[in-house]
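A closer look at the structure
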Amino acid sequence: DSTENNANGILTRANPNLSNNLQIVLTNRLQGTASTVGATTADVITLALGSTPGTYTFDIKIAGFASAASGGPLSVGYTIVGAVRTTGAAAVLISGQARDDFEEGALSACGFAIVASGNNAVFRSTGAAGTTIAWSAVGEYVFATEP
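This write-up is about the structure you can find in this document. Numbering of residues begins from 1 in every chain and follows the order in which that chain's sequence is written. Since the coordinates come from a predicted model, pLDDT governs what is reported: local features require at least 70, and pairs of side-chain atoms require 80 or more to be given and counted, while whole-chain, interface and lining totals use all residues. In computing side-chain values, all of the structure's heavy atoms are included and hydrogens and water are not.

1. Some words on the sheet that holds strand β4 (residues 41–48)
For clarity, the cut-off: Pairing between strands requires that DSSP locate at least two bridges from one strand to the other. Starting at the N terminus, helices and strands are each numbered in turn, a helix being any DSSP run of H or I of at least four residues and a strand any DSSP run of E of at least two. All axes are obtained by fitting lines to C-alpha atoms, using only the stretch in contact for helices, and the reported angles, taken between N-to-C directions, cover 0 to 180 degrees.
In spatial order, the strands read β4-β9-β8; together these 3 strands make up an open sheet with antiparallel pairing. Sheet topology places β4 and β8 (111–117) at the edges, where each strand pairs with a single neighbour. Each strand axis lies, on average, 20° off the axis of its neighbour in the sheet, ignoring direction. Relative to strand β9 (residues 120–126), β4 runs antiparallel, the two sharing 7 bridges. Bridge assignment links Leu47 to a residue of β9, and that residue is Ala121.

What follows is the structure, given as structure tokens:
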């Protein structure tokens, strides 16, 4: 998996260059992990948007787990679809994120959102009081810029 932008979502390349060792790479992918202790936030994924102005759309899946030793066992999950525009220097969150929430027990106080910070798209989780939550997220993006 790679965060490298490629309109097809997949590429092949020799590694090292001009060798017969072929790599097949899934592009436009995001993944990350983090943990929260109590009702704090954690940035699970941060994507630097770069200097080319354009729009990114994201489709992200998130899972959170609190073990018995951490106030559980309890689980939480989200899917989130959203968009961020960059000027090449600053990110702007486009309103209207679509989210599905799957929250159990005390983890109903949790949350997950896409946030624009500087020139980054940040995928941020919020924990719940009295729990330690392990977070994992995977997703993909599409980028459009002027021709």
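2. A closer look at the layout of surface pockets
Put simply, the test is: Here a cavity denotes grid points, spaced 1 Å and computed from the protein atoms alone, that fit a 1.4 Å probe unable to get out, and a pocket denotes an open set having protein on both sides within 12 Å along at least 5 of 7 lines; residues with an atom within 4 Å of a point are the lining. Grid points are joined across faces, edges and corners, and a volume is the space filled by probe spheres set on the points. Side-chain classes are defined by residue name, with Ala, Val, Leu, Ile, Met, Phe, Trp, Tyr, Cys and Pro counting as nonpolar, Asp, Glu, Lys and Arg as charged, and the others, Gly among them, as polar.
Roughly 200 Å³ of internal volume is contained in the largest pocket. Every residue lining the largest pocket is counted, 15 residues in all, and those nearest its centre are Ala7, Asn28, Tyr141, Val142 and Phe143. Those elements that provide at least two residues to the lining of the largest pocket are β5 (54–66) and β10 (132–144). Tallying contributions element by element places β10 first for the lining of the largest pocket, with 4 residues. Broken down by class, the residue content of the lining of the largest pocket amounts to 6 nonpolar, 6 polar and 3 charged.

Purely spatial values, then, with no claim about function.
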